[in-house]
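Architecture at a glance
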Amino acid sequence: GEDVEQSLFLSVREGDSSVINCTYTDSSSTYLYWYKQEPGAGLQLLTYIFSNMDMKQDQRLTVLLNKKDKHLSLRIADTQTGDSAIYFCAVGIFTSGTYKYIFGTGTRLKVLA
Amino acid sequence: KAGVTQTPRYLIKTRGQQVTLSCSPISGHRSVSWYQQTPGQGLQFLFEYFSETQRNKGNFPGRFSGRQFSNSRSEMNVSTLELGDSALYLCASSLGVPDTQYFGPGTRLTVL
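Residues numbered from 1 in each chain as written. Chains lettered and ligands numbered in written order. Predicted model: local features only at pLDDT ≥ 70, side-chain atom pairs only at ≥ 80, totals over all residues. Heavy atoms only, no water.

**Considerations on the overall build of chain B**
The number of helices and strands found in chain B is zero helices and 11 strands. Written out in order from the N terminus, the α and β elements of chain B read β-β-β-β-β-β-β-β-β-β-β. Computed over the C-alpha atoms, the radius of gyration of chain B is 13 Å, within 12% of the 13 Å expected from 2.2 N^0.38 for a compact globule of 112 residues. Evaluated residue by residue, chain B yields a buried proportion of 51% over its 112 residues. Contacts spanning at least 24 positions in sequence make up 54% of the contacts within chain B whose residues lie at least 6 apart. Summed over all atoms, the accessible surface of chain B reaches about 5,200 Å², with 49% contributed by carbon and sulfur. Once the 11 positive and 6 negative side-chain charges of chain B are each reduced to a mean point, those two points are 4 Å apart. (Helix = DSSP H or I, 4+ residues; strand = E, 2+ residues; numbered from the N terminus. Rg over C-alpha atoms; globule rule 2.2 N^0.38 Å. Buried < 20%, exposed > 50% of the residue type's maximum accessible area, 1.4 Å probe, protein only. Contact = heavy atoms within 4.5 Å. Areas by Shrake-Rupley, 256 points an atom, 1.4 Å probe, with all protein chains shown as cover. Lys, Arg positive; Asp, Glu negative; His and termini not counted. Charge placed at Lys NZ, Arg CZ, Asp CG, Glu CD.)

**Comments concerning the state of the cysteines**
This structure, assessed with the given rule, holds two disulfides over all chains. Disulfide pairing is shown between Cys22(A) and Cys89(A); the S-S distance is 2.0 Å. Taking the sign of the S-S torsion, about -55° here, the bridge from Cys22(A) to Cys89(A) comes out left-handed. Of this pair, Cys22(A) sits in strand E3 (residues 18-24) while Cys89(A) sits in strand E9 (residues 85-95); the two residues are 67 residues apart in sequence, bridging distant segments of the chain. Classification of Cys22(A) as buried rests on a relative accessible area of 1%. When its relative accessible area of 0% is taken as the criterion, Cys89(A) is described as buried. Here Cys23(B) pairs with Cys91(B) through a disulfide, and the sulfurs are 1.7 Å apart. (Disulfide = S-S within 2.5 Å.)

**Things to note about the interface of chain A and chain B**
Tallying the contact residues gives 18 residues for chain A and 19 residues for chain B. Both faces combined, the contact of chain A with chain B buries some 1,500 Å², and carbon together with sulfur accounts for 59% of it. Inspection of the chain A/chain B interface yields zero salt bridges. In this structure, the connection of chain A to chain B is made through six residue pairs in polar contact (both at pLDDT 80 or more). For the side of chain A that touches chain B, the secondary-structure elements that each account for two or more residues are strand E4 (29-37), strand E5 (43-50), E9 and strand E10 (98-103) of chain A. (Buried area = accessible area lost by both parts, 1.4 Å probe. Salt bridge = Lys/Arg side-chain N within 4 Å of Asp/Glu carboxyl O. Polar contact = N/O pair within 3.5 Å; in protein donor to acceptor, adjacent residues only side chain to side chain.)

**Overview of the sheet that holds strand E6 (residues 55-58) of chain A**
Two orientations exist for strands paired in a sheet by backbone hydrogen bonds: parallel and antiparallel. All names here are of chain A. Strand order in the open sheet formed by five strands is E1-E3-E8-E7-E6, with antiparallel pairing between adjacent strands. Looking at the sheet topology across the chains shown, the edges are occupied by strand E1 (4-6) and E6. In this sheet, neighbouring strand axes are inclined to one another by 15° on average, regardless of whether the strands run parallel or antiparallel. Where E1 and E3 come together, three bridges link them in antiparallel fashion. (Pairing = 2+ DSSP bridges. Axes fitted to C-alpha atoms, helices over the stretch in contact; angles between N-to-C directions.)

**Structural notes on the sheet that holds strand E8 (residues 74-78) of chain B**
All names here are of chain B. The strand order across the open sheet built from four strands is E1-E3-E8-E7, with neighbouring strands paired in antiparallel fashion. Looking along the sheet, the strands with just one partner apiece sit at the ends: strand E1 (5-7) and strand E7 (64-68). Here the strands of the sheet are splayed against their neighbours by 20° on average, with no regard to which way each runs. Bridge count between E7 and E8: five bridges; the pairing is antiparallel. In the sheet register, Phe64 faces E8, and the bridge partner there is Val78.

**Details of the nonpolar core**
Core analysis: the largest hydrophobic core is formed by 23 residues, its most contacted members being Val4(A), Leu32(A), Trp34(A), Leu72(A), Leu74(A), Tyr87(A) and Val91(A). Counting residues per element, this core draws most heavily on E9(A), which supplies five residues. If you look at the next biggest cluster of nonpolar residues, it comprises 21 residues, including Tyr49(B), Ala87(B), Cys91(B) and Val111(B). (Core = buried A, V, L, I, M, F, W, Y, C linked by side-chain atoms within 4.5 Å.)

Put into structure tokens, the structure is as follows:
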């Protein structure tokens, strides 16, 4: 079945770069997404990448996609304390005639001042 | 353009009661999906509606139901509430599929 995995925790120092990793099982993914969730809030879309791309950069965010290894990463440059949150990876796939979004379990990023 | 709105933001109910949650999608979005988020299970897909039709359904019991109106607003109903239904219920809208989903702030349901 479809599965998306992420590590549970990541701790970095303010000003360093953060790299959050995600692996998925289904190779028929179309779009791949990164969302951020702050305490008590919904999911905020950070960025997304189409499956025929290898990289996408958006200000401090860089998304890398390795389709061969089914690996997606999100790099946050110059990480700030305001980046502390849970980050979700999600993949969109066509399966059984429908389109589904499969979410990872989320990575809790803690930024140390 | 206004984002996805959900009402109410917080709810406290007792076991056995029923509850209705509401979601207003971004203007022009016709697809609305519902998710349940709990610390133990993460984000679980409930169902998706498009143009008033349920197109996709997750693995939840029949106590969980939903509907979508002609203006794309959606409601979710949970009957005979159980303690385990305590969760953050998130609604997301998109133009269609495949397309990016935008989430609302969620409704925090507590069942006592």
